[in-house]
Amino acid sequence: MKPFSDYHSHPQGHRVQPFTQELLQPWVEQARIRGLTDIAFTDHDRYHEGIDFDEIEKLREANPDIKIRAGIELDNDPVRSIAGRRWVETNWDRLDFVLGSVHFLERPDQMFDSVPAGAEQFTGRNIDEIYTDYFHRVRQMAETGLIDCLSHLDLVKIHGHRPKAPIERLVGGTLDLIAERELCLELSTAGWRKPVDELYPSDEIIRLALAKGIRFTTASDAHSSVQLAENYDRLAKKMETLGIRDVCVYENHTRVICPL
């Protein structure tokens, strides 16, 4: 069965755009077109000023057939995410869902996953060391106590760089922490539109996560409404192949496991 939820979307895109019905309604319309019944708005924390919980409530009232979750993507931006974390703490009870992401490595002025510019951060460096550093930062995010789910877990592969060490050695401790804290991982189709052309996370990481009892959300990381549920037919086949028979949704940070 095709996934019914998309828990990673960015109505504001890459700038502050105050929530209005005109901004948000196209996302609901696209959800209907794609057969979704449960979506989460998860704009980047640096754009939290645009989020309006009253507008989300109006949208819910106008669209009772779609579950609309208030969320945010908490980043490790060394400059702007300090304010983002404070905002999450202040608005925790109004949020349904918080994603945790790592987009910054050693350079505070550039996200390593920017395409193509971010690839220069990998040039001439030991890839295993970069992976080790990246997953250390992911664990730091998981330890904040402010997130429900880790997004695009192996984003570090975005430019196609692969470690020499077995991935289990690099990610095992991170998966242990995720399992211990009962956090989710997202299955993100965004990787299929990036240079790596692969689902986030990889099949091998998904199998390791399954063995540890970790659960999943489904996501597209859409930055425009037309990207919502992108490649979900392909995702459905992948989930069937890997034996994933359910998906998680959230309300007020409470995880509900739904069979597919």
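Preceding block: the structure.
Residues numbered from 1 in each chain as written. Predicted model: local features only at pLDDT ≥ 70, side-chain atom pairs only at ≥ 80, totals over all residues. Heavy atoms only, no water.

Draft legend 1. Geometry of the environment of L24. Mapping L24 onto the fold places it in helix α1 (residues 21-33). Residue L24 is classed as buried on the basis of its relative accessible area of 0%. Once the C-alpha coordinates of L24 and S225 are considered, the two residues, 201 residues apart in sequence, prove to be 9.0 Å apart. Residue contacts for L24: discarding those within four places in its chain leaves P11, F19, F41 and L59. (Helix = DSSP H or I, 4+ residues; strand = E, 2+ residues; numbered from the N terminus. Buried < 20%, exposed > 50% of the residue type's maximum accessible area, 1.4 Å probe, protein only. Contact = heavy atoms within 4.5 Å.)

Draft legend 2. Molecular detail of the state of the cysteines. Summed over the entire model, instances satisfying the criterion amount to zero disulfides. Its sulfur unpaired, C184 is 3.6 Å from the next cysteine sulfur, which belongs to C248. Unpaired in terms of disulfides, C258 finds its nearest cysteine sulfur in C248, a separation of 7.6 Å. C258 gets classed as buried once you look at its relative accessible area, which sits at 17%. (Disulfide = S-S within 2.5 Å.)

Draft legend 3. The arrangement of the packing of aromatic side chains in detail. Enumeration over the complete set of coordinates arrives at eight aromatic pairs. On the numbers, 6.2 Å between centres and 65° between planes, the contact of F112 with F122 is edge-to-face. You can see F112 sitting in the loop between β4 (97-100) and α4 (127-142) and its partner F122 sitting in the loop between β4 and α4, a full ten residues away along the chain. Aromatic pair F112 and Y134: ring centres 5.7 Å apart, planes at 85°, arrangement edge-to-face. (Phe/Tyr/Trp six-rings, centres within 6.5 Å; stacked < 30°, edge-to-face > 60°.)

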